[in-house]
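Chain residues, written in single-letter form:
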Amino acid sequence: MPPAFSPDPAETIILALDRPDAPSALALADAIAGLRWVKVGLELFSAAGPAVVTDLRDRGLRVFLDLKFHDIPATMAGACRSAARLGAELITVHACAGSDALGAAQAAALEGAASVGLAPPTLLAVTVLTSWPPERFAAELAIAEPVSAHVERLAALAVAAGLGGCVCSPLEVAALRAAHPQPFTLVTPGIRPAGSASGDQRRVLTPAQAMAAGASQLVIGRPISAAPDPAVAFQACCAELG
Ligand code: C5P
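Residues numbered from 1 in each chain as written. Predicted model: local features only at pLDDT ≥ 70, side-chain atom pairs only at ≥ 80, totals over all residues. Heavy atoms only, no water.

A.B. asks: Explain the overall build of the protein to me, and be specific about the residues and the numbers.
C.D. replies: From N to C terminus, the protein includes 12 helices and 8 strands. Structurally, the protein occupies a C-alpha span of about 45 × 40 × 30 Å along its principal axes. Across the 242 residues of the protein, 49% fall into the buried class. A sequence separation of at least 24 residues applies to 67% of the contacts in the protein between residues at least 6 apart. For the protein, the accessible area works out to roughly 10500 Å², and carbon and sulfur atoms hold 58% of it. (Helix = DSSP H or I, 4+ residues; strand = E, 2+ residues; numbered from the N terminus. Buried < 20%, exposed > 50% of the residue type's maximum accessible area, 1.4 Å probe, protein only. Contact = heavy atoms within 4.5 Å. Areas by Shrake-Rupley, 256 points an atom, 1.4 Å probe, with all protein chains shown as cover.)

A.B. asks: So what's going on with the nonpolar core? Which residues, and what values?
C.D. replies: One finds Leu56 and Ile224 to be the most contacted residues of the largest nonpolar core, which totals 65 residues. Beyond its immediate chain neighbours, meaning those up to four positions away, leucine 56 contacts Leu17, Leu26, Ala29, Val38, Val40, Leu61 and Val63. (Core = buried A, V, L, I, M, F, W, Y, C linked by side-chain atoms within 4.5 Å.)

A.B. asks: Give a detailed account of the pattern of salt bridges, specifying residues and quantitative values.
C.D. replies: Under the criterion given, the structure shown has 9 salt bridges. Here arginine 59 and aspartate 30 are joined by a salt bridge, their closest N and O atoms 2.7 Å apart. Note that arginine 59 is positioned in the loop between helix 4 (50–58) and strand 3 (62–69) and aspartate 30 in helix 2 (residues 22–30), a separation of 29 residues in sequence. Residue class for arginine 59 comes out partly exposed when judged on its relative accessible area of 39%. Its salt-bridge partner being arginine 153, residue glutamate 145 comes within 2.6 Å of it at the nearest N-O pair. Members of the salt-bridge network, linked through shared partners, are Glu11, Arg36, Arg62 and Glu89. (Salt bridge = Lys/Arg side-chain N within 4 Å of Asp/Glu carboxyl O.)

A.B. asks: Break down the confidence of the model for the protein for me, with residues and values.
C.D. replies: Low pLDDT marks regions whose predicted coordinates should not be analysed in detail. Averaged over the protein, the pLDDT score is 94; the fraction of residues at 70 or greater is 97%. When mean pLDDT is taken per element in the protein, strand 4 (residues 90–94) scores highest with 99 and helix 7 (residues 134–141) scores lowest with 94. In the predicted structure, residues 1–6 sits below a pLDDT of 50 and forms 16 contacts with residues beyond four places in sequence or in another chain. (pLDDT = per-residue confidence, 0-100.)

A.B. asks: An account of the site of the ligand is requested, with residue identities and associated values reported.
C.D. replies: Around the ligand lies a shell formed by Ala16, Asp18, Lys39, Thr130, Pro189, Arg192, Gln201, Val219, Ile220, Gly221, Arg222 and Pro223. In this structure, a nitrogen atom belonging to the ligand sits 2.7 Å away from a side-chain N or O atom of threonine 130. Glycine 221 is positioned with one of its backbone polar atoms (N or O) 2.8 Å from an oxygen atom of the ligand. Only strand 8 (217–220) and helix 11 (222–225) provide two or more residues apiece to the shell around the ligand. (Near = heavy atom within 4 Å. Polar contact = N/O pair within 3.5 Å; in protein donor to acceptor, adjacent residues only side chain to side chain.)

A.B. asks: Hey, could you go over the packing of helix 5 (residues 73–86) against helix 6 (residues 99–115) for me, with residue numbers and the actual values?
C.D. replies: Orientation of helix 5 relative to helix 6, taken along the N-to-C sense of each, is 30 degrees, at an axis distance of 7 Å. Looking at the two axes, helix 5 sits roughly parallel to helix 6. In terms of crossing hand, the pair formed by helix 5 and helix 6 is right-handed. Note on element contacts: helix 6 touches helix 5 through Asp100, Ala101, Leu102, Ala104, Ala105, Ala108, Ala109, Glu111, Gly112, Ala113 and Ser115, opposite Pro73, Met76, Ala77, Cys80, Arg81, Ala84 and Arg85. (Axes fitted to C-alpha atoms, helices over the stretch in contact; angles between N-to-C directions. Parallel < 35°, antiparallel > 145°, perpendicular 65-115°, else oblique. Left-handed = near helix turned anticlockwise from the far one by under 90°.)

Structure follows, in structure tokens:
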């Protein structure tokens, strides 16, 4: 079941804890009053492991575990079962793992959460990584259809396998929302509040634009974490959504 949509802006924002170790990640989270959701990605998890997820949950934070699993069905299932048992409420998998693997992952996530008395997590499918330039995507992978069509194909595969949502860039959110109404979850990175630096993100939307386009929740990293005062930057994002 997807996380219930909440009009509370603080429930909408997921802070990317892109930090090299647990102490700095936990310090960032602790500095932000009212923070509800955090994203643990490959960098932090590789350094700090499952313990950091437990530490964040012990603080009352909800965790998006963004490890982008992609493997054979049995391994995908095992990874998602473990992630769900850990208490991650949003978990990413690659849609291109295929329908067998996605179905196995979904079933195992539900089973894992139930085995420890937790609510079922939402598996989010990653479609085409936004770091692919379209020409190179076609040339290196020999995929003839446009990236946008491929994104929609992979999202449909995820839906058919019973997944509850997708991660999608600001480029894709409106098209995916048109094809997949609420409560299908669309989590969107590439968010930049008005006036903040875009950094290495090529296409960006403001928090309000992304929500208007159909996003369910927003991943925001550096506009908050690299701000002079992350707590103030978080509150400014909430105010923009309120
Ligand atoms: O700092 P920034 O707001 O750009 O952080 C965005 C977060 O979302 C990072 O953790 C990044 O890995 C992730 N992400 C992204 N673009 C995608 C998928 C994930 O920026 N297409």
